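# Descriptive analysis of the structure
Here are the chains, one letter per residue:
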Amino acid sequence: MNTPLDTDQPNPTTTPAPAVHDDIFTRIGSSVLSSRRIHALKSGDLFGVFDQTGDIFWGQDIADGLYYRDTRYLSGLIFRLGGQRPVLLSSVVRENNIMLSVNLTNETIVLNDGTSLDHDLLHVLRSRFLWNGRCFERIEIRNFDVKRHEISCDLRFFADFADLFEARGMKRARHGVCAEPKVEGDTVTLSCRGLDDRVRTTRIVFCPQPTTLRGDHAAFEFPIDPGQKVLLHIEVQCDPEPQTQSEPPNRAFLSSAVAARRSLRTMSARATAIATSNEVFNEAIRRCICDIYMLVTQKKTGLYPYAGIPWYSTVFGRDGLITALQTLWLDPLIARGVLLYLAANQADREDPQADAEPGKILHEVRLGEMAELGEVPFRRYYGSVDSTPLFVMLAGAYLERTGDVGTLSHLWPHVARAIDWIERFGDRDGDGFVEYGRRNKDGLTNQGWKDSHDSIFHADGTLAEGPIALCEVQAYVYAARRAAAQIGRRLGQTAYAAHQDERADALRVSFNLKFWNDDIDTYVIALDGRKQQCAVRSSNAGHVLLTDMVPAERARRLVRTLMNRRSFSGWGIRTIPEGEARYNPMAYHNGSVWPHDNALIAMGLARHGFREEASRVFEGLIDAALYSDLRRLPELFCGFTRSRSEGPVRYPVACSPQAWAAAALPAALQAVLGLRYDPGQVAVEFTRPTLPESLRELTLFNLAVGGEALTARIVRAGDEVAINVVERSRSILLRITN
């Protein structure tokens, strides 16, 4: 395997056991998980998961913590006012995803002088954000009483330096050793030396200096007059440079907040902006865009969208590729960054431990000590069957969107190696289909996007035995061969292009012979290791519509199957429809609804002319977002049938935010508008555009191609849609086709 282009990966390390603390850090059992609300923030390789009060709880199956490069650098943080936990008034992550704001007030408390302070007389505002490997917090306490009071408050904190996989529940026999906390003036330094002799450090700086400061506790005492407020600042630094002299936390809070907002604005300014007549939808689409750019991380190769918070805030090949495909119309630089990163980390040798073979594209990168020491196989892991064809598929789509021949010339050797992997390693038995089977016994059993152990099965519920050929993977391979032919022709590789077209034609014929099943009116989910059909209806078949593999009559039958009431819940198309052997609306992959899955299907429906059905899928996703916390579509939700005046049933441990879920609404919008770009003619084209009933008017700002841009206003009148150019640069064209 190649050395990754990013050379800033950490060395191996291990995790110390958490110290024993008082009851404030008592473990919270998993039974409360489904009722907890948490807030997530992310900046680069740092992310935080916080209780709605702003605290960090420690407990089994609790995700709370401040994580940096797959290690938990802060695992407990509890704020007390007058010795009591304050009462929550409200908490929200602001729309731009920069700041967590928490409003609290006091219970009735006994003050240091023995007097009593009635409840609801103190207001506490906690404001927190992440930037440059640091967590900044400002605590503002305001006195609404008519008297002056002597107030006390304190923060309890600790760091267990647990590897992310350990935080998820994995057990380890050995850990590193935590040093005694070091207290100096206004600063506490916590550190751990791992089994690999690497030291990880958390530095906590307070302003003003606490009245009392210990290795796990900071206490403040101060007078506060009527109507006055007191400000406390806390800065948590992850692996700070030892000699770095930073500005005080109160100044750093303001300057870093400005820098974080400016960075987000700069990064997202390139993207097409969307405004509609539906203000609630506007909230949802703005959250989508902000989530996408929060999850995007700047790598040396460009932008890369990390998969999701809390457990997948890292590079995933499949997730990055699909997110880039969904956002290609909005911001092609995301696709460019994904392609360049994955090309730089393409496998160049066989490594069974990593499920790697020459030409294969990454599945996952992990930076924590368990991955570095081989305790989990995911340091650079290649156990996905679809990342490689999706890589070539995205490369072709990027060229079609941008006309960027220069980047594709650089990528061409990687495209050719990916196609070579498909032929040499992907097709294990030479039948023309790509199959998977893990080579590492600790790797993933199922290596498509539905990677649960029970997600691929036969009609009677029996689990399929491998090597397994998934239906959607064959569609991706077909699209990859067409894309390789397209790129090859642009680069003068005409013989290679002709060969890829021939192989794609042959795959189309064999796929329709082997995967179609008349009895269930759809393509089967997979062929097992004996080439027997897993005759199960699934959303996987909808991905085939992303290509032209499907004959017209079969497309109609497939769409009818996808959209019937057993499959379409009212919120979206279920992963597995009602009536199949393993259908369970609460299962991760066997009956739930995934927004990204539905967005890809909507793109396929529109491609084949099923605009009404694409609009139904889009409308379901819109409605689901409107019922979701922060108007944010989660990774998935349960597949129960839609009930009047009720939102979708929440899946309790879904990632939120998640990149390809955030990209689902923009992708579905592009699909119903029939929007594409022609860089050769410097044109924006709409084919048979439609809008759902909830969107009467829509304006798209900065539709950019070929260095030029236009703004278009789209208005629905009955079943018709009119498009007007609001603003344009001098030679860009707008085309509307039927």
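Further up the page is the structure itself.
Let us look at the structure shown here. Residues take numbers from 1 onward in each chain, read along the sequence in its written order. pLDDT decides what is reported in this predicted model: residues at 70 or higher carry local features, side-chain atom pairs at 80 or more are listed and counted, and totals for whole chains, interfaces and linings draw on all residues regardless. For the side-chain quantities, the full set of heavy atoms in the structure was used; hydrogens and water were omitted.

### Section: the overall build of the protein
Our working definition: Segments assigned H or I by DSSP are reported as helices when at least four residues long, segments assigned E as strands when at least two residues long, and all are numbered from the N terminus. Taken over C-alpha atoms, the radius of gyration is set against a globule rule of 2.2 Å times the number of residues to the power 0.38. We call two residues in contact whenever any of their non-hydrogen atoms come within 4.5 Å of each other. The method behind every accessible area is Shrake-Rupley, applied with a 1.4 Å probe, and residues are considered shielded solely by the protein chains displayed. The positive count covers Lys and Arg only, the negative count covers Asp and Glu only, and His and the chain ends enter neither. Positions of charges follow a simple convention, taking NZ of Lys, CZ of Arg, CG of Asp or CD of Glu.
When helices and strands are counted, the protein shows 15 helices and 35 strands. Against the globule reference of 27 Å for 738 residues, the protein gives a C-alpha radius of gyration of 27 Å, in line with a compact fold. The principal-axis extent of the C-alpha atoms belonging to the protein is close to 85 × 60 × 50 Å. Here the analysis covers contacts within the protein between residues at least 6 apart in sequence; of these, 67% occur between residues at least 24 apart. Here the protein displays about 27,800 Å² of accessible surface, and carbon together with sulfur accounts for 48% of that area. Treating the 86 positive side-chain charges of the protein as one cloud and the 91 negative ones as another, the clouds have centres 3 Å apart.

### Here's the deal with the packing of helix H4 (residues 317-327) against helix H5 (residues 332-344)
Quick reminder of the rule: Where helices are involved, their axes are fitted lines through C-alpha atoms of the stretch in contact, as for all axes, and angles between N-to-C directions lie from 0 to 180°. Roughly parallel refers to an angle under 35 degrees, roughly antiparallel to one over 145, roughly perpendicular to one between 65 and 115, and oblique to any angle outside these ranges. Helix crossings are classified by the rotation of the near helix relative to the far one: an anticlockwise turn of less than a right angle makes the crossing left-handed, while a clockwise turn makes it right-handed. In this classification, Asp, Glu, Lys and Arg are treated as charged, Ala, Val, Leu, Ile, Met, Phe, Trp, Tyr, Cys and Pro as nonpolar, and every other residue, Gly included, as polar.
Relative to each other, H4 and H5 sit at 155°, their axes nearing to 8 Å. The orientation of H4 relative to H5 falls into the category roughly antiparallel. The crossing of H4 and H5 is left-handed. Across from Gly-317, Gly-320, Leu-321, Ala-324 and Thr-327 in H4, the residues of H5 making contact are Ile-334, Ala-335, Val-338 and Leu-342. A per-class count over the contact of H4 with H5 returns six nonpolar, three polar and no charged.

### A short note on the sheet that holds strand E20 (residues 273-276)
Convention followed: Two strands are counted as paired when DSSP detects at least two bridges linking them.
Taken in spatial order, the four strands of this open sheet run E20-E32-E33-E34, and their pairing is antiparallel. Single-partner strands in this sheet number two, and they are E20 and strand E34 (720-728). Here the average twist between neighbouring strands, direction ignored, is 20°. Together, E20, strand E32 (697-705) and strand E33 (708-717) form the strand contacts of helix H15 (residues 664-673), whose direction differs from that of E32 by roughly 95°.

### Looking at the pattern of salt bridges
For clarity, the cut-off: Salt bridge, as used here, is a side-chain nitrogen of Lys or Arg placed within 4 Å of a carboxyl oxygen of Asp or Glu. Note on exposure labels: buried denotes an accessible area under 20% of the residue type's maximum, exposed denotes more than 50%, and partly exposed covers the range between, all computed with a 1.4 Å probe on protein chains only.
A complete count under the given rule lists 49 salt bridges for this structure. When the shortest N-O distance is used, the salt bridge between Arg-148 and Asp-225 registers 2.9 Å. Placement of Arg-148 in the loop between strand E11 (134-143) and strand E12 (149-158) and of Asp-225 in the loop between strand E18 (217-224) and strand E19 (229-238) is noted, with a sequence separation of 77 residues between them. Under the relative-accessibility criterion, Arg-148 is labelled partly exposed at 48%. Asp-225 gets classed as partly exposed once you look at its relative accessible area, which sits at 32%. Note that Asp-420 is salt-bridged to Arg-424, the shortest N-O span being 3.3 Å. Taken as a pair, Asp-420 and Arg-424 lie in helix H8 (residues 405-426) at a separation of four residues, close to a single helical turn. The structure contains a network of salt bridges with shared partners spanning Asp-55, Arg-85, Arg-126, Arg-128 and Glu-137.

### Focus on helix H2 (residues 249-268)
To keep it simple, the criterion reads: One less than the residue count of a helix, multiplied by 1.5 Å, gives the span that helix is expected to have. The directions from the helix axis to the C-beta atoms form the arc being described.
Spanning 20 residues, H2 covers 28 Å between terminal C-alpha atoms, matching the ideal 28 Å at 1.5 Å per step. Among all positions of H2, only Pro-249, Ala-252, Phe-253, Ser-256, Ala-257, Ala-260, Leu-264 and Met-267 are buried. Along the long axis of H2, the arc covered by the buried residues comes to 130°, so they all point the same way. Turned more than 90 degrees from where H2 packs its buried face, Arg-251, Leu-254, Arg-265 and Thr-266 sit exposed.

### Points about the packing of H5 against H8
One way to put it is that H5 packs onto H8 with a least axis distance of 10 Å and a crossing angle of 35°. Once H5 is placed against H8, the crossing between them reads as left-handed. Mapping the contact onto sequence places Arg-336, Leu-339, Leu-340 and Ala-343 in H5 and Thr-407, His-410, Leu-411 and His-414 in H8. Grouping the amino acids of the contact of H5 with H8 by side-chain chemistry returns four nonpolar, three polar and one charged.

### Re a nonpolar patch on the surface
Let me state the cut-off plainly: Note that patches include only residues with greater than 30% relative accessible area and no salt bridge, and the join distances are 9 Å for like charges and 5 Å for nonpolar side chains (Val, Leu, Ile, Met, Phe, Trp, Tyr).
Together, Met-586, Phe-640 and Val-649 make up an exposed nonpolar region whose accessible area comes to about 260 Å². Looking at the element boundaries, Met-586 is found in the loop between helix H11 (552-563) and helix H12 (595-607).

### Quick notes on the state of the cysteines
In plain terms, the rule: The criterion for a disulfide is a pair of cysteine sulfur atoms lying within 2.5 Å.
Going through the model one piece at a time under the given rule, you end up with zero disulfides. For Cys-290, which is in no disulfide, the shortest distance to another cysteine sulfur is to Cys-288 and amounts to 9.6 Å. On the basis of relative accessible area, Cys-290 is assigned to the buried category, the value being 15%.

### Quick look at the packing of aromatic side chains
Threshold: Only centres within 6.5 Å qualify two rings of Phe, Tyr or Trp (six-membered ring in Trp) as a pair; their planes then separate them into stacked at under 30 degrees, edge-to-face at over 60, and tilted for everything else.
Overall, the coordinates contain 24 aromatic pairs when judged by the stated rule. Ring geometry for Phe-433 against Phe-515: centres 5.2 Å apart, planes inclined by 85°, an arrangement best described as edge-to-face. With Phe-433 in the loop between H8 and strand E25 (469-470) and Phe-515 in the loop between helix H10 (494-514) and strand E26 (516-517), this residue pair connects regions lying 82 residues apart in the sequence. Classification of Phe-433 as buried rests on a relative accessible area of 3%.

### Digging into the pairing of E20
The alternating pattern of E20 places Ile-274 and Thr-276 on a buried face, while none of Ala-273 and Ala-275, on the opposite face, is buried. Sheet analysis places E20 next to E32, joined by four bridges and oriented antiparallel. In the sheet register, Ile-274 faces E32, and the bridge partner there is Leu-700.

### Considering the pairing of strand E1 (residues 38-43)
Across the six residues that make up E1, a large majority, five, are buried. Sheet topology note: the E1/strand E2 (residues 46-51) ladder contains six bridges and is antiparallel. The partner of Lys-42 across the bridge, within E2, is Phe-47. Adjacent in sequence and paired antiparallel, E1 and E2 are bridged by two residues, among which Gly-44 carries a positive phi angle near 60°.

### Quick notes on the layout of surface pockets
Any space left empty among the atoms is revealed by the rolling of a water-sized probe across them. Put simply, the test is: In the cavity and pocket records, a cavity denotes points on a 1 Å grid over the protein atoms alone where a 1.4 Å probe fits but cannot get out, a pocket denotes an open set with protein on both sides within 12 Å along at least 5 of 7 lines, and lining residues are residues with an atom within 4 Å of a point. Grid points are joined across faces, edges and corners, and a volume is the space filled by probe spheres set on the points.
Put simply, the second largest pocket is a space of about 1,000 Å³. Elements represented by at least two residues in the lining of the second largest pocket include exactly helix H7 (387-402), helix H9 (471-490), H12, H15 and strand E30 (675-678). When the residues that make up the lining of the second largest pocket are grouped by side-chain class, the tally is 14 nonpolar, eight polar and eight charged.

### A few points about the environment of Arg-716
Quick note on the threshold: Under the rule applied, a polar contact is a pair of N or O atoms within 3.5 Å (in protein, one hydrogen donor and one hydrogen acceptor; residues adjacent in sequence only if both atoms are side-chain atoms).
Its place among the elements puts Arg-716 in strand E33. The class of Arg-716 is buried, set by a relative accessible area of 19%. Look past the residues within four positions of Arg-716 in its chain and what remains in contact with it is Leu-691, Pro-692, Glu-693, Ser-694, Leu-695, Arg-696 and Val-721. A distance of 2.7 Å separates a polar atom in the side chain of Arg-716 from the backbone oxygen of Glu-693.

### Here's the deal with the side chain of Glu-137
Considering the arrangement of structural elements, one finds Glu-137 in strand E11. Overall, the relative accessible area of 4% leaves Glu-137 in the buried class. A polar contact of 2.6 Å, which involves the side chain of Glu-137, links it to the side chain of Arg-128. In contact with Glu-137, other than residues within four places in its own chain, are Leu-77, Arg-126, Ser-127, Arg-128, Leu-232, His-233, Ile-234 and Phe-253.

### Describing the sheet that holds E25
Taken together, the three strands give an open sheet; going across it, the order is E25-E28-E29, and neighbouring strands pair in antiparallel fashion. The open sheet has two edge strands with one neighbour each: E25 and strand E29 (533-534). Where E25 lies against strand E28 (residues 526-527), two bridges are found, and the strand directions are antiparallel. Following the sheet pairing, Ala-469 is matched in E28 by Leu-527.

### So, a negative patch on the surface
Together, Glu-612, Glu-693, Asp-719 and Glu-720 make up a negatively charged patch on the protein surface. Topologically, Asp-719 is positioned in the loop between E33 and E34. For Asp-719, a relative accessible area of 76% gives the class exposed.

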